[in-house]
Amino acid sequence: MDLLLWRHAEAEDGYPDAQRKLTERGQRQAERMAAWLKTHAPDKLKIIVSPATRTRQTVAPLGREHEIDADVGTEAGPEDLLRAAGWPDARGAVLIVGHQPTLGQVAAELLGQPGGELSFKKGALWWFRVRERYGVPETVLRAVIPAELT
């Protein structure tokens, strides 16, 4: 299984939090990462997006069907996100478009630091894969792509 975690691009400050929109810079970040994903992501990619406006705007340039799920929203925890993704047992690839600190907590757990937290830059993508080696599941970090490098 592949699990791609994409933090929403730069958004305006404001309230209510769920209705914050991308800035112009954020829109450019989303467009660049979407272009990178169109070239590099698996063809069969299930996409799950937080209900927040900024995540829906982040995924829009990708131009693929996606589902909106509160289990990857601003109130979700790492367990919610992993359950929504089907990690580690789902077949294929899943892209989650979500938020900090949850994405960083998930990344820390997948890298062997349960209860830890890593910082995701706005607009960045982290790509994990679970594989079996000698009968033991193993998590591999395939890529970390900041929006600025796309």
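Every value quoted in this text rests on a predicted model; they were computed, and no experiment measured them.

K.L.:
Help me get a handle on the overall build of the chain, residues and values and all.
P.N.:
Counting its secondary structure elements, the chain contains four helices and six strands. For the chain, the α and β elements follow one another from N to C terminus as β-α-β-α-β-α-β-α-β-β. Relative to the compact-globule value of 15 Å for 150 residues, the chain shows a C-alpha radius of gyration of 14 Å, a close match. Out of the 150 residues in the chain, the part that is buried amounts to 46%. In the chain, the proportion of contacts linking residues at least 24 apart, taken out of those at least 6 apart, comes to 60%. Total accessible area computed for the chain in this model is approximately 7,800 Å², and 46% of it derives from carbon and sulfur atoms. Side-chain charges in the chain split into 20 positive and 21 negative, and the spacing between the mean points of these groups amounts to 6 Å.

K.L.:
Quick one: what's the story with the nonpolar core, residue by residue and with numbers?
P.N.:
Of all hydrophobic cores here, the largest spans 20 residues; its most connected members are L3, L5, W87 and I96. Contributing elements (two or more residues each) for this core: β1 (2-7), α3 (78-85), β4 (93-98), α4 (102-110) and β5 (125-133). With sequence-adjacent residues up to four places away left out, I96 is seen in contact with L3, L4, L5, W6, I48, V72, L81, A85 and L103. L4, V59, V97 and W127 belong to the second largest nonpolar core, which has 19 residues in total.

K.L.:
Outline the pairing of strand β2 (residues 45-49), supporting the account with residue identities and numerical values.
P.N.:
Two faces make up the sheet, and in a regular strand the side chains alternate between them. Counting buried positions over the five residues of β2 gives four, a clear majority of the element. Two strands pair when backbone bridges link them, and β2 and β4 are joined in this way by five bridges, in the parallel orientation. Each bridged residue has a counterpart across the sheet, and for I47 the counterpart in β4 is L95. The β-α-β motif built from β2, the intervening helix α2 (residues 53-59) and the parallel element strand β3 (residues 67-68) has right-handed crossover chirality.

What counts, and where the lines are drawn
Residues numbered from 1 in each chain as written. Predicted model: local features only at pLDDT ≥ 70, side-chain atom pairs only at ≥ 80, totals over all residues. Heavy atoms only, no water. Helix = DSSP H or I, 4+ residues; strand = E, 2+ residues; numbered from the N terminus. Rg over C-alpha atoms; globule rule 2.2 N^0.38 Å. Buried < 20%, exposed > 50% of the residue type's maximum accessible area, 1.4 Å probe, protein only. Contact = heavy atoms within 4.5 Å. Areas by Shrake-Rupley, 256 points an atom, 1.4 Å probe, with all protein chains shown as cover. Lys, Arg positive; Asp, Glu negative; His and termini not counted. Charge placed at Lys NZ, Arg CZ, Asp CG, Glu CD. Core = buried A, V, L, I, M, F, W, Y, C linked by side-chain atoms within 4.5 Å. Pairing = 2+ DSSP bridges. Right-handed = clockwise from strand over helix to strand, strands pointing away.

Just geometry here; none of it tells us what the structure is for.
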